[in-house]
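This is what each chain is made of:
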Amino acid sequence: MIPDIEWISVAPVGIVAITGMLALIVHMITGNPEQQWTQKVTVLGLLTSLVVLVATGGNERTSFNSMLSLDRLGIVAQLLTVLSAFIVALVSPSYLEAKKIKLGEFYPMLAWATTGGMIVCATRNLLVLFVGIEILSISLYVLAGLQRGSKRSEESAIKYFLLGAFATGFLLYGIAMFYGASGSLDMSTALSYWSHQGPDERVLLSLSFALITVGLGFKCSLVPFHQWTPDVYEGAPTNVVAFMATGGKVGAFVALWNFGDSFGGAGRFVALTIAGLAVLSMVVGNVLAMGQKNLKRLLAYSSIANAGYVAVTAATVASALQTSHVSLIYFLFGYVLTTLGVFVVLMMAAKDGEEPSTLDDLKGLASRSPIAGFSLVVFVLSLIGLGPVSGFLGKVFVLKDTLDANLQWLAVVMVLNSIFGAFYYFGILKSVFSPEASDSRPITVTMPQVLSLAICVFGVIGSVVFYAPLLAHLGLR
Amino acid sequence: MMVSLAIWLPILAGFLLLGFGRSLGSLAKSAASILMLGVLGVSVGLLAKFDSAAKGFQFSEKVDWIRSLGTSYSLGLDGISIWMFVLTAFLGLVAVLVSKPKERAGQFFGQILVLSGVLLGVFAALDLVLFYIFFELSLVPVAMLILGWGRGDRKRAATRYLAMLFGGSLLMLLAIIAVGVQYSAVTRTASMSIVDIQSVVASGKLWAGKEQLENLAFWGFLLAFLIKSPAVPGHSWLASTYESAPVGATIAGVVLKVGTYGLFRFCLPLFPHAAAANASFVTFLGVLGILYGGILAINQKNIFRVMVFSTISHVGFILIGLFSFSHVGMVGAAFQQFNHGLASAAVFVLLSFLMERGFTGEFSELGGLKRTMPVFASLFMIAMLANLGLPLTSGFVGEILAMMGSFESGYANVLGLNVGYAVAAGAGAILSASYMLYAYQRMFYGEAKSGESKDLNLNEMLIGGVFAAAIMVGGILPTFILQRMDQSVAVTGSAVKPNSGTTWAEGGGEIDASRIYAASSQGEFK
């Protein structure tokens, strides 16, 4: 039987994939080392995909014989993935130019990474999930090594690739076991198989749970599968890291949540395992971030801690099956915009092709560029979770779910972790507003940078102030 | 609308100054002071319209905000908060007037304006989440002011300030969410409005069978507010903040008693059983603070540190008054938290004049100022006497009422309190006289040591004079203030009796008006 196919459901993904191809063709035709046409095609394509997503994002739907299942979470996550790629593509030209990265492959690769991320967001089929993760990862391996002259960049690419390939092995093995035990590739069948099977199949399913957790844990950079994160963040070009930390993570986060949702009924051990990873990630991420002088490593540990917060939501949904995904959606919304904003500011602060690598390099940023300085205040507050910013409200929602799911201890751990967060995030502000500047030259701000910062700042504050209209637009209560 | 106006006007103007202040140059200060004058005008207008007989919140505003949490943008003032509201506006104006930042004036005044607006929000918020947002947000401008314009080891001071206060209040966030979850479990609706929550508390339903949760949530709030106040074990941030913060920031943001206000507004009415169960412990901390602060304040090397320990000692009086749960004591606490803001701000204002003349506040370089700066000396005397609680100054009223409340509950042997606490607090009052007068002696008598010591100019005299007048008026005619506090304190006081049925929505239970007035007038004329 031919499955019913809704082409419109895959249109946004398709557009992004085709954009990548078009961008590559344009790049080959023009051969322009400045890549301005390549960039324009990519930005336009991503924008089209955004528009189509917003226009068609009406109903939750499944298609392709339920290999594609677009629920609210999937739609919003796709939106966030495309949005982060869009902003990264928007601000990249001046950065690539300053870094003298003349490889036109950046934009097509970015588009394809986005394609992979979008696929991951929109499926509960393990095989499709795997394909999506691989498209995303392989593009990111290439992107990480984009700065050919730099040893750091190459090192980070090879490290990312080797560890990533290893993690993929775990994931695939887990998927195979799942199939072997249940005869299905659809995660959401896990629960019914669990309850209808004998102990042997249960062992297989438990093993597949463990292996898939390792694979997804790597992609989300949960502790103890996080070691690649600081090195890759440090070595890869900043614009690539900006995407890696936002669009590249959203898919993995959503997959983790879906995974927790599907397996949750199998027993308390699922929720507790994920909760354990969450606690480790929050504590290790936050504590190690406190000692960091290197900015990108600090942000890497911060993203590990944030992955911990996401894992908290996954643990919540695994332990109380009724939990809605609104908290995760809102949290991701804030996380993506905040993180993007921080990286855009870092790219702006670059001088002579070198972005600020240590906290000291940020000194006096506020006086060099007030726009960058004050946007950074908003982002840092959101990362700390302080004031009317999405980071605060996101945490409130996650905490509320955690209490609802009777995981009080997890809520306490999460709250106490924020204290460490306040320390090192505030360290960023201390440098930015430090009177002694490391460099007194004012920063010339380009139009795309201002636009991106405006989107991020407005999103971070606006999503709190205009909470109800925002959720209505996202199709949520 | 007027309350919102008073809150958002300075915040928005502050952001404008932060962004474009540089182009304004020296006009920034005038712009900021005119704006704060307007805000003060609005808040005084609210005070004039305030109905002291009404029981609930006045000037209420409520707009739906986040349905799933039950959070609304909900503001209102009662007899306790209106005074803090007016005081905040006033101190914001004063902070602008006395500050002369050497660099980036636009940004400095921008921060002060944002700070004032946010603190106004703290005192007006009637929704737990909204309150928390304002409460936390108020930390940022103070930390930024310390970082950008502070003295000494400012990075350390700013970090300590932010980390201690932020860290202290994190468990409050968890408690807030827990209260919200419990509220929706009981009522099947979501609300974070303290009026709604308290009405379910008063009916005894919210915490029925959940005593442990009530106690934990109470501690979440208590911890945050005790550190913010600060009460003794959590006070170490205050020393570095007073020493490092620019005086304007101290006046606008630190002397205000947000912590004790929070105890008044949230801890007592929302967790009556837990508050009663822990009353003797908090009273103990209060007495400890009075004695500890009083003793340590005597032998400090620097006037700012004297103020640190005097603040801790004053907070002790607020705590014993509040947790006596007697009407007199609670009125005293409400009055004392207003007075403390006024009287210590007066000292800081005068100190800012001194620092402009090149002094740092170390006693080693002060002395003999009485001869060279007689006007300054007499204004400082008044401010100091208000701090030590001399009759006829506003400091006396709050302190004596708080102690009376503590005696009353102590004699009655309720809540595990006894007279010993009150007696010990009385000894603390003597300590305050000794450390204040000793500090005064070291500053104003003896040999003049260094610095230029020209007496106050007309502007400075005017500002100092306003404070002196306010202190005297507060001491001679406290009924003007007490009358407007009375009803609200009574509602809070009877709400804290478990299962009282007293709500903000419907107003208070029984109060013995004649007894209260007898008590307050004793305090007035003794």
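Residues numbered from 1 in each chain as written. Chains lettered and ligands numbered in written order. Predicted model: local features only at pLDDT ≥ 70, side-chain atom pairs only at ≥ 80, totals over all residues. Heavy atoms only, no water.

Student: I would appreciate a short explanation of the overall build of chain B in the present structure.
Tutor: Scanning chain B from terminus to terminus reveals 23 helices and two strands. Its C-alpha atoms give chain B principal-axis dimensions of about 65 × 55 × 40 Å. Residues classed as buried in chain B amount to 66% of the 526 residues present. Pairs at least 24 residues apart make up 81% of the contacts formed inside chain B by residues separated by at least 6 positions. As displayed, chain B offers around 16,900 Å² of accessible surface, 65% of which is attributable to carbon and sulfur atoms. (Helix = DSSP H or I, 4+ residues; strand = E, 2+ residues; numbered from the N terminus. Buried < 20%, exposed > 50% of the residue type's maximum accessible area, 1.4 Å probe, protein only. Contact = heavy atoms within 4.5 Å. Areas by Shrake-Rupley, 256 points an atom, 1.4 Å probe, with all protein chains shown as cover.)

Student: What is the right way to read the packing of helix α12 (residues 268–290) of chain A against helix α13 (residues 295–319) of chain A from this model?
Tutor: Between two packed helices, both the angle of their axes relative to each other and the distance between the axes serve to describe the pair. All names here are of chain A. Running from N to C, α12 and α13 cross one another at 160 degrees; their axes reach a closest spacing of 7 Å. By the angle between their axes, α12 is roughly antiparallel relative to α13. Between α12 and α13 the crossing geometry is left-handed. Between α12, through R268, V270, A271, I274, A275, A278, S281, M282, G285, N286, L288 and A289, and α13, the contact on the second element is made entirely by L298, Y301, I304, A305, G308, Y309, A311, V312, A314, A315, A318 and S319. Counted by class, the contact of α12 with α13 contains 18 nonpolar, five polar and one charged residues. (Axes fitted to C-alpha atoms, helices over the stretch in contact; angles between N-to-C directions. Parallel < 35°, antiparallel > 145°, perpendicular 65-115°, else oblique. Left-handed = near helix turned anticlockwise from the far one by under 90°. Nonpolar A, V, L, I, M, F, W, Y, C, P; charged D, E, K, R; others polar.)

Student: Can you walk me through the side chain of T339 of chain A in this structure?
Tutor: Looking at where T339 of chain A falls in the secondary structure, it is placed in helix α14 (residues 326–348). If we ignore the near neighbours within four places in the chain, the residues touching T339 of chain A are A245 and T246 of chain A.

Student: Would you take a moment to explain the packing of aromatic side chains for this structure?
Tutor: Here a ring pair, both rings aromatic, is described through the centre-centre distance and the interplanar angle of the planes. Residues and elements named next belong to chain B. Taken as a whole and judged by the stated rule, the model has 51 aromatic pairs over all chains. Ring centres of W219 and F281 lie 5.6 Å apart, and the angle between their planes is 50 degrees; on these two criteria the pair is classed as tilted. Of this pair, W219 sits in helix α9 (residues 211–228) while F281 is found in helix α14 (residues 279–298), placing the two residues 62 residues apart along the sequence. Its relative accessible area of 29% is what places W219 among the partly exposed residues. Classification of F281 by relative accessible area gives partly exposed; the value is 35%. (Phe/Tyr/Trp six-rings, centres within 6.5 Å; stacked < 30°, edge-to-face > 60°.)

Student: Quick question: what am I supposed to make of the interface of chain B and chain A here?
Tutor: In many reports, interface size means the accessible area that the parts give up when they come together. The partner chain A presents 36 residues to the 31 residues of chain B that form the contact. Three residues, W65, F166 and L174 of chain B, lead the burial of chain B against chain A; their summed loss comes to 16% of the area buried on that side. Where chain B meets chain A, there are zero salt bridges. Summed over the shared surface of chain B and chain A, the result is three residue pairs in polar contact (both at pLDDT 80 or more). When residues of the side of chain B that touches chain A are traced back to their parent elements, those giving at least two are α1 (2–24), β1 (58–66), α5 (128–137), α6 (139–149) and α7 (154–187) of chain B. No other element matches the 15 residues that α7 of chain B contributes to the side of chain B that touches chain A. For the side of chain B that touches chain A, the per-class residue count stands at 23 nonpolar, four polar and four charged. (Buried area = accessible area lost by both parts, 1.4 Å probe. Salt bridge = Lys/Arg side-chain N within 4 Å of Asp/Glu carboxyl O. Polar contact = N/O pair within 3.5 Å; in protein donor to acceptor, adjacent residues only side chain to side chain.)

Student: Before we go on, may I ask you to explain unusual backbone geometry in this structure?
Tutor: Across the chain, the bulk of peptide bonds are trans and the bulk of non-glycine residues have phi less than zero. A cis amide bond links V223 of chain A with the next residue in sequence, P224 of chain A, at an omega value of 5 degrees. Turning to its location among the elements, P224 of chain A is positioned in the loop between α8 (199–220) and α9 (228–235). Cis geometry is adopted by the peptide bond preceding P230 of chain B, which originates at S229 of chain B and carries an omega value of -5 degrees. When you line up the elements, P230 of chain B lands in the loop between α9 and α10 (236–244). The phi angle at S221 of chain A is positive, at roughly 50 degrees, despite the residue not being glycine. Along the chain, S221 of chain A turns up in the loop between α8 and α9. In this structure, N413 of chain B is a non-glycine residue whose phi angle is positive, near 60 degrees. Of note, N413 of chain B is situated in the loop between α19 (394–412) and α20 (419–444). Relative accessible area serves as the criterion here: at 53%, N413 of chain B is assigned to the exposed category.

Student: Looking at this model, I keep getting lost on the nonpolar core. Mind explaining?
Tutor: Nonpolar side chains in soluble globular proteins tend to end up buried together. All names here are of chain B. Formed by 372 residues in total, the largest nonpolar core has its most connected members in L128, F221, I251, I303, F323, F380 and F467. When residues of this core are assigned to domains, at least three map to each of domain 1 (1–268) and domain 2 (278–526). Residue contacts for F380: discarding those within four places in its chain leaves I303, V347, L350, L351, Y440, M443 and F444. Judged by nonpolar contacts, the second largest core, of nine residues, contains I290, F317, L417 and Y421. (Core = buried A, V, L, I, M, F, W, Y, C linked by side-chain atoms within 4.5 Å. Domains from an automatic or database assignment.)

Student: Could you clarify how one ought to interpret a nonpolar patch on the surface in this entry?
Tutor: Residue and element names in this part refer to chain A. The grouping of V283, V287, L288, M290, F420 and F423 at the surface amounts to a nonpolar patch, some 430 Å² of accessible area in total. Among the elements of the structure, α12 and α18 (408–432) are those that each provide at least two residues to the nonpolar patch. At four residues, the largest contribution of residues to the nonpolar patch is made by α12. Along the chain, F423 turns up in helix α18. (Patch = residues over 30% accessible without salt bridge, like charges linked within 9 Å, V, L, I, M, F, W, Y side chains within 5 Å.)

Student: For this particular structure, what's the right way to read α18 of chain A?
Tutor: Think of an α-helix as 3.6 residues a turn; residues three or four steps apart then line up on the same face. In this model α18 of chain A runs 37 Å from its N-terminal to its C-terminal C-alpha over 25 residues, within 8% of the 36 Å that 1.5 Å per residue would give. If you look at α18 of chain A, its biggest bend is around 25 degrees, right at G421 of chain A. (Expected span 1.5 Å × (residues − 1). Bend = angle between axes of the 7 residues up to and from the residue.)

Student: How do you make sense of the domain arrangement of chain B when you look at a structure like this?
Tutor: All names here are of chain B. Segmentation of chain B into domains returns domain 1 (1–268) and domain 2 (278–526). Put simply, the middle of domain 1 and the middle of domain 2, counted by C-alpha atoms, are 21 Å apart. Buried area between domain 1 and domain 2, summed over both chains or domains, comes out near 5,100 Å², and the portion from carbon and sulfur atoms is 75%. On the domain 1 side of the interface with domain 2, the three residues burying the most area are W83, F264 and L268, jointly 15% of the side's total. In this structure, E356 engages K100 in a salt bridge whose closest nitrogen and oxygen atoms are separated by 3.1 Å. Taken together, the elements giving at least two residues each to the side of domain 1 that touches domain 2 come down to α3 (81–98), α8 (194–202), α9, α10, α11 (247–254) and α12 (258–270). With eight residues, α3 is the single largest residue contributor to the side of domain 1 that touches domain 2. Residue classes in the side of domain 1 that touches domain 2 are distributed as 36 nonpolar, 11 polar and seven charged.

Student: Any chance you could explain α19 of chain B here in plain terms?
Tutor: Compared with an ideal rise of 1.5 Å per residue, which puts 19 residues at 27 Å, α19 of chain B spans 28 Å between its outermost C-alpha atoms and is within 8% of the ideal. Taking burial as the measure, the 19 residues of α19 of chain B include 14 buried ones, the bulk of the element.

Student: Where do I start with the environment of N306 of chain A in this structure?
Tutor: All names here are of chain A. Secondary-structure assignment places N306 in helix α13. The buried category is assigned to N306, whose relative accessible area is 8%. Taking the C-alpha atoms as reference, N306 lies 9.7 Å from S221; in sequence the two are 85 residues apart.

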